[in-house]
Amino acid sequence: MDSLDHRILDQLRDNARAGYGDIGSVVGLSASAVKRRVDRLVGDGVIQGFTIKVDPAVEDRGTEAWVELYCRGTVSPDELRALLDTVPEVIDAGTVTGSADAVVHMRSKDLSALEEALDKVRLAPQVDHTRSAIVLSKLVSRDTA
């Protein structure tokens, strides 16, 4: 990847629906040259897909929380994944360093639905306890994927 590829990726991050000609005018290439580069980036697995972002509130998922997950004993990432895959409100999760075993990002319709989803996680035999923080307002949100 060279600097032109990075500039093309920046343009696609801003607007994945931008035309090749529009991207080319910003990065200094023809539309066909941009298309060839995008095709190569897709073929090489650099670009892994094109998607849309939908306002979570429109889909009744406006309540958001970050949850620290603390496990009993040693629990493998595969076990945690299997547990969290059963909870549709979990939109992202990862194992972490520090005292928590994992951090879980959840979205739900409202606080009641969030509480039900948290109970599904808390009641799992691998889970000792959780610590939740409900998001009041978004300050920064970037897509880096």
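Keep in mind the model is a prediction, meaning the values are calculated, not measured. (Residues numbered from 1 in each chain as written. Predicted model: local features only at pLDDT ≥ 70, side-chain atom pairs only at ≥ 80, totals over all residues. Heavy atoms only, no water.)

Student: Describe in detail the pattern of salt bridges, supporting the description with residues and values.
Tutor: A full pass over the atoms with the stated rule returns eleven salt bridges. R81 serves as the salt-bridge partner of D78, at 2.6 Å between the closest nitrogen and oxygen. Here D78 pairs with R81, and both are found in helix α4 (residues 77–85), just three residues apart, close to one helical turn. By relative accessible area, D78 is classed as exposed at 55%. The exposure class of R81 is partly exposed, given its relative accessible area of 47%. (Salt bridge = Lys/Arg side-chain N within 4 Å of Asp/Glu carboxyl O. Helix = DSSP H or I, 4+ residues; strand = E, 2+ residues; numbered from the N terminus. Buried < 20%, exposed > 50% of the residue type's maximum accessible area, 1.4 Å probe, protein only.)

Student: So what's going on with a nonpolar patch on the surface? Which residues, and what values?
Tutor: A surface patch of nonpolar side chains, about 310 Å² in accessible area, is lined by I52, V54 and V58. Mapped onto the fold, I52 is located in the loop between α3 (31–43) and β1 (63–71). (Patch = residues over 30% accessible without salt bridge, like charges linked within 9 Å, V, L, I, M, F, W, Y side chains within 5 Å. Areas by Shrake-Rupley, 256 points an atom, 1.4 Å probe, with all protein chains shown as cover.)

Student: How would you summarise the sheet that holds β1 if you had to cite specific residues and measurements?
Tutor: Backbone hydrogen bonds hold the strands of a sheet together, and the pairing may be parallel or antiparallel. Overall, antiparallel pairing links the four strands, which are arranged β2-β3-β1-β4 in an open sheet. The open sheet has two free edges, formed respectively by β2 (90–95) and β4 (127–134), since each of these has just one partner strand. Strand-to-strand twist of the sheet, defined as the mean angle between neighbouring strand axes without regard to direction, takes the value 20 degrees. Inspection of the sheet shows β1 paired to strand β3 (residues 102–108) by seven bridges, in the antiparallel sense. When the sheet's bridge partners are listed, T63 is paired in β3 with S108. Packed on one face of the sheet, α4 meets β1, β2, β3 and β4 and runs near 170 degrees to β2. Strands β1, β3 and β4 of the sheet are contacted by helix α5 (residues 111–122), whose axis makes an angle of about 155 degrees with β4. (Pairing = 2+ DSSP bridges. Axes fitted to C-alpha atoms, helices over the stretch in contact; angles between N-to-C directions. Contact = heavy atoms within 4.5 Å.)

Student: I'd like a description of the packing of helix α1 (residues 3–14) against helix α2 (residues 20–27), backed by residues and values.
Tutor: Orientation of α1 relative to α2, taken along the N-to-C sense of each, is 130 degrees, at an axis distance of 10 Å. By the criterion of interaxial angle, the relationship of α1 to α2 is oblique. Handedness of the α1/α2 crossing: right-handed. Residue-level inspection shows L4, R7, I8, Q11 and L12 of α1 in contact with α2, the latter providing I23, V26 and V27. Residues that form the contact of α1 with α2 fall into these classes: six nonpolar, one polar and one charged. (Parallel < 35°, antiparallel > 145°, perpendicular 65-115°, else oblique. Left-handed = near helix turned anticlockwise from the far one by under 90°. Nonpolar A, V, L, I, M, F, W, Y, C, P; charged D, E, K, R; others polar.)

Student: Describe the nonpolar core, listing the residues and the values that go with them.
Tutor: The biggest cluster of nonpolar side chains holds 19 residues, and the ones touching the most others in it are L69, V104 and M106. At the level of elements, β1, α4, β3 and α5 are the ones that each hand at least two residues to this core. The residues contacting M106, other than those within four sequence positions of it, are T63, E64, A65, V67, V87, E89, V90, I91, L114, A117 and L118. If you look at the next biggest cluster of nonpolar residues, it comprises eleven residues, including L4, A18, I23 and I47. (Core = buried A, V, L, I, M, F, W, Y, C linked by side-chain atoms within 4.5 Å.)

Student: I'd like a description of α3, backed by residues and values.
Tutor: Taking 1.5 Å of rise per residue, 13 residues should cover 18 Å, and α3 covers 18 Å from first to last C-alpha, within 8% of that figure. Among the residues of α3, those classed as buried are A33, V34, R37, V38 and L41. Buried positions in α3, seen along its axis, are confined to an arc of 135 degrees and lie on one side of it. In α3, the exposed positions angled more than 90 degrees off the buried face are occupied by R36 and G43. If you follow the buried residues of α3, they end up packed against α1 and α2. A positive phi of about 80 degrees marks G45, the residue just after α3. (Expected span 1.5 Å × (residues − 1). Arc of directions from axis to C-beta.)

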